[in-house]
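Residue strings, one per chain:
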Amino acid sequence: MSSPSVAPATPSRGDRRPRDMALSIGILIVPIMLVLLFYRLVLDGDKPVSIDAAPALEQARAAAAFPVSEPQGLGEDWHVQSALFRRVEGGATLRLGYTAPDDKPLQLVESSVATTTLIPAELGNQPKATGTVQAGSRAWQKYEARAGEVALVLLEKGRTMIIVGSDKSESLDDLAAALP
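Everything quoted here is computed from the prediction, not taken from an experiment. (Residues numbered from 1 in each chain as written. Predicted model: local features only at pLDDT ≥ 70, side-chain atom pairs only at ≥ 80, totals over all residues. Heavy atoms only, no water.)

Here we come to the environment of L36. Mapped onto the fold, L36 is located in helix α1 (residues 18-42). For the pair L36 and L108, spaced 72 residues apart in sequence, the C-alpha separation works out to 34 Å. (Helix = DSSP H or I, 4+ residues; strand = E, 2+ residues; numbered from the N terminus.)

Here you go:
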């Protein structure tokens, strides 16, 4: 007589132990951590991406709408994030976006647009002058701009320069001082 064969029981979900789940998660986390470490340490994944501002600066100089100033002497911890030159109604505008050493974004605007149009467009409808700042050899007007932003404004014949950044940034004065 043969005995009936009994099929082995397959484990159900309820039979899995917490140890098995922890091992499964550990097997997934280890390669993810290795890829993340490789990205951050070898590929400099946390470093801001810099662009070349030369084409926008050349366009602005070729247009001769205003004297173009390029910051000089900024360290390697300053990164140009954006550069754009555009002719607009009433003049032309050059915009250079930077990431400062304190990892705060700053924007330098040089323009021949009338200040009555430019300042409200860049600083908000009701910018408030709060005093002056000596940066380099120039005295800049300091403004409270939009919420959380401050600006330094320099009015010269034929152009206006504006540096806008976070009110927590300590690098506005450094960028202003780097402008010839």
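What follows is about the pattern of salt bridges. Applying the stated criterion across every chain, the model contains 8 salt bridges. Between E70 and R61 there is a salt bridge whose closest N-O contact spans 3.5 Å. The partly exposed category is assigned to R61, whose relative accessible area is 42%. For E149, the salt bridge identified is with R146, shortest N-O distance 3.7 Å. It is possible to trace a salt-bridge network through shared partners that takes in E110, R138, E156 and R159. (Salt bridge = Lys/Arg side-chain N within 4 Å of Asp/Glu carboxyl O. Buried < 20%, exposed > 50% of the residue type's maximum accessible area, 1.4 Å probe, protein only.)

Another point: a nonpolar patch on the surface. On the surface, I25, I29, M33, L36, L37, F38, Y39, L41, V42 and L43 cluster together into a nonpolar patch covering about 1,000 Å² of accessible area. Checked against the element boundaries, Y39 lands in helix α1. (Patch = residues over 30% accessible without salt bridge, like charges linked within 9 Å, V, L, I, M, F, W, Y side chains within 5 Å. Areas by Shrake-Rupley, 256 points an atom, 1.4 Å probe, with all protein chains shown as cover.)

Following the criterion strictly, the structure yields 1 aromatic pair and no others. Here W78 and Y98 contribute two aromatic rings whose centre-to-centre distance is 6.1 Å and whose plane-to-plane angle is 80°, an arrangement assigned as edge-to-face. Of the two residues, W78 sits in the loop between α2 (54-63) and β1 (79-88) while Y98 sits in strand β2 (residues 91-99), which places them 20 residues apart along the sequence. (Phe/Tyr/Trp six-rings, centres within 6.5 Å; stacked < 30°, edge-to-face > 60°.)

Take the pairing of strand β4 (residues 128-135) next. Bridge count for β4 against strand β5 (residues 138-144) is 7 bridges, and the pairing is antiparallel. Directly across from T132, in β5, lies its bridge partner Q141. Linkage of β4 to β5, two consecutive antiparallel strands, is achieved through a turn of 2 residues, within which G136 is found at a positive phi near 70°. (Pairing = 2+ DSSP bridges.)

A few words on the environment of L152. With respect to the helices and strands, the residue L152 is situated in strand β6 (residues 149-156). Relative accessible area serves as the criterion here: at 1%, L152 is assigned to the buried category. Sequence separation of L152 and A176 is 24 residues, and the distance between their C-alpha atoms is 7.8 Å. Excluding residues within four positions of it along the chain, L152 makes contact with V133, W140, Q141, K142, M161, I162, I163, L172, D173 and A176. (Contact = heavy atoms within 4.5 Å.)

As a further point, take the side chain of S166. For S166, the location among the structural elements is in strand β7 (residues 159-166). The exposure class assigned to S166 is buried, which follows from its relative accessible area of 18%. What S166 contacts, discounting residues up to four positions off in sequence, is K104, P105, G148, E149, V150 and L172.

What holds strands together in a sheet is hydrogen bonding between their backbones, with the strands either parallel or antiparallel. One open sheet accounts for 7 strands, arranged β1-β2-β3-β7-β6-β5-β4; its pairing is antiparallel. The open sheet terminates on both sides in strands that have one partner only, identified here as β1 and β4. Ignoring strand direction, the axes of neighbouring strands in this sheet form an average angle of 20°. Across 9 bridges, β1 lies against β2 in antiparallel orientation. Bridge pairing in β2 places V80 opposite Y98. The strands touched by α2 within the sheet are β1 and β2, with β1 carrying the most contacts at an inclination of about 30°. Against the sheet, helix α3 (residues 115-123) touches β2, β3 (105-111), β5, β6 and β7, its axis set at about 10° to β7. (Axes fitted to C-alpha atoms, helices over the stretch in contact; angles between N-to-C directions.)

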